[in-house]
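One-letter residues, chain by chain:
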Amino acid sequence: QFLLVYGDSPVAGARTGELTVRAMLEELRTFAARPEMADRPFRAGVTTRLTTFAPWKRHADFLFVQVGFDFDDLMRWREGLTFDGPIYAGVMVLASAAMAGKLSGQLSEVRIPSRLLDRIATDPAAGVEFACEHVLALRETRMFDGVHLIPVSRYREVAAILEPHVS
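What counts and what doesn't
Residues numbered from 1 in each chain as written. Predicted model: local features only at pLDDT ≥ 70, side-chain atom pairs only at ≥ 80, totals over all residues. Heavy atoms only, no water. Helix = DSSP H or I, 4+ residues; strand = E, 2+ residues; numbered from the N terminus. Buried < 20%, exposed > 50% of the residue type's maximum accessible area, 1.4 Å probe, protein only. Contact = heavy atoms within 4.5 Å. Areas by Shrake-Rupley, 256 points an atom, 1.4 Å probe, with all protein chains shown as cover. Lys, Arg positive; Asp, Glu negative; His and termini not counted. Charge placed at Lys NZ, Arg CZ, Asp CG, Glu CD. Pairing = 2+ DSSP bridges. Axes fitted to C-alpha atoms, helices over the stretch in contact; angles between N-to-C directions. Parallel < 35°, antiparallel > 145°, perpendicular 65-115°, else oblique. Left-handed = near helix turned anticlockwise from the far one by under 90°. Nonpolar A, V, L, I, M, F, W, Y, C, P; charged D, E, K, R; others polar. 1 Å grid on protein atoms, 1.4 Å probe; cavity = no way out; pocket = protein on both sides within 12 Å on 5 of 7 lines; lining within 4 Å. Points joined across faces, edges and corners; volume = space filled by probe spheres on them. Phe/Tyr/Trp six-rings, centres within 6.5 Å; stacked < 30°, edge-to-face > 60°. Lys NZ or Arg CZ within 6 Å of the ring centre and 35° of its normal.

Draft legend 1. Broad picture of the overall build of the protein. Assigned secondary structure in the protein consists of 6 helices and 5 strands. Its helices and strands in sequence order give the protein the pattern β-α-β-β-α-β-α-α-α-β-α, from N to C terminus. When the backbone C-alpha atoms are referred to their principal axes, the protein occupies close to 60 × 45 × 30 Å. In the protein, buried positions account for 34% of the 167 residues. Of the contacts made within the protein by residues no fewer than 6 positions apart, 61% connect residues no fewer than 24 positions apart. Within the structure as shown, the protein displays about 10,500 Å² of accessible surface, and the carbon and sulfur contribution to it stands at 54%. Charge separation in the protein, taken as the distance between the mean sites of 19 positive and 21 negative side-chain charges, equals 2 Å.

Here's what the structure looks like:
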């Protein structure tokens, strides 16, 4: 299985225009179509933001949705999406107010609701609690096949909350 992603901008030099996620997906499909690969199927996934879904991404086998913090925005986006493979919602623990500020300042497409920022500013456990609430709420919707969870440095705290809910 491969997860094909655009990646961060390079620190030195320039990004080549030839190595795009679309080109990687096409190359992987071409390679997988070779006769000697018949008994070794590849599965390719791509990522997406909560924006218009690029038609070429429908050729992927699975989809990872960018982390988000607004449940209603995610649900509206999901209701409008048609995709034949598994879809995994992105959930990230905001480990501190500083982290939340940095993330919202650096990534304009990631919007953190002010009510969450206020909670994190006054309660160090709020980021873990929010992420776990988010995971459980997503599970109840049955609109996703799972989540890709980024617990940052809060692995144990997240596990302690979510483990009783694993069936």
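Draft legend 2. Region of interest: the sheet that holds strand β1 (residues 2-4). Sheet architecture is open: 5 strands sit in the order β1-β2-β3-β4-β5, paired in parallel fashion. Unpaired on one side and paired on the other, β1 and β5 (146-150) mark the two borders of the sheet. When the angles between neighbouring strand axes are averaged without regard to direction, this sheet yields 30 degrees. The pairing of β1 with strand β2 (residues 44-48) spans 3 bridges and is parallel. Paired with F2 across the bridge in β2 is A44. Most of the contacts of helix α5 (residues 126-141) go to strand β4 (residues 87-92), to which it runs at about 165 degrees, and overall it touches β4 and β5.

Draft legend 3. Layout of the packing of α5 against helix α6 (residues 155-162). It is at 10 Å that the axes of α5 and α6 come closest, and there the two elements cross at 40 degrees. If you check the angle between α5 and α6, you find them oblique. The handedness of the crossing between α5 and α6 comes out as right-handed. Touching V128, C132, V135 and L136 of α5 are E157, V158, I161 and L162, all from α6. For the contact of α5 with α6, the class distribution of residues is 7 nonpolar, no polar and 1 charged.

Draft legend 4. The arrangement of the environment of E26 in detail. Here E26 lies in helix α1 (residues 21-32). Along the chain, E26 and A160 lie 134 residues apart, while their C-alpha atoms are 41 Å from each other.

Draft legend 5. Looking closely at empty space enclosed by the protein. Taken as a whole and assessed by the stated rule, the structure comprises 1 cavity of 30 Å³ or more. Approximately 50 Å³ is the volume attributed to the largest cavity. Lining the largest cavity are L50, V65, Q66, V67, G68, F69, D70, L74, A89, G90 and H134. Counting residues per element, the ones that place at least two in the lining of the largest cavity are β3 (62-67) and β4. No other element matches β3, which puts 3 residues into the lining of the largest cavity. Split by residue class, the lining of the largest cavity holds 6 nonpolar, 4 polar and 1 charged.

Draft legend 6. Up close: the packing of aromatic side chains. Summed over the entire model, instances satisfying the criterion amount to 6 aromatic pairs. Here the aromatic rings of F2 and F42 are separated by 5.3 Å at their centres, their planes lie at 80 degrees, and the arrangement is edge-to-face. Linking F2 in strand β1 with F42 in the loop between α1 and β2, this pair joins segments that are 40 residues apart in sequence. Residue class for F2 comes out partly exposed when judged on its relative accessible area of 35%. On the numbers, 5.8 Å between centres and 20 degrees between planes, the contact of F31 with F42 is stacked. With a gap of 11 residues between them, F31 in helix α1 and F42 in the loop between α1 and β2 connect regions that are remote in the sequence. Relative accessible area serves as the criterion here: at 32%, F31 is assigned to the partly exposed category. We classify F42 as partly exposed; its relative accessible area is 22%. In textbook terms, an aromatic cluster arises when at least three aromatic residues are bridged by ring pairs, as seen for F2, F31 and F42. The ring of F144 has R78 sitting right over it, with the charged end atom 6.0 Å from the ring centre.

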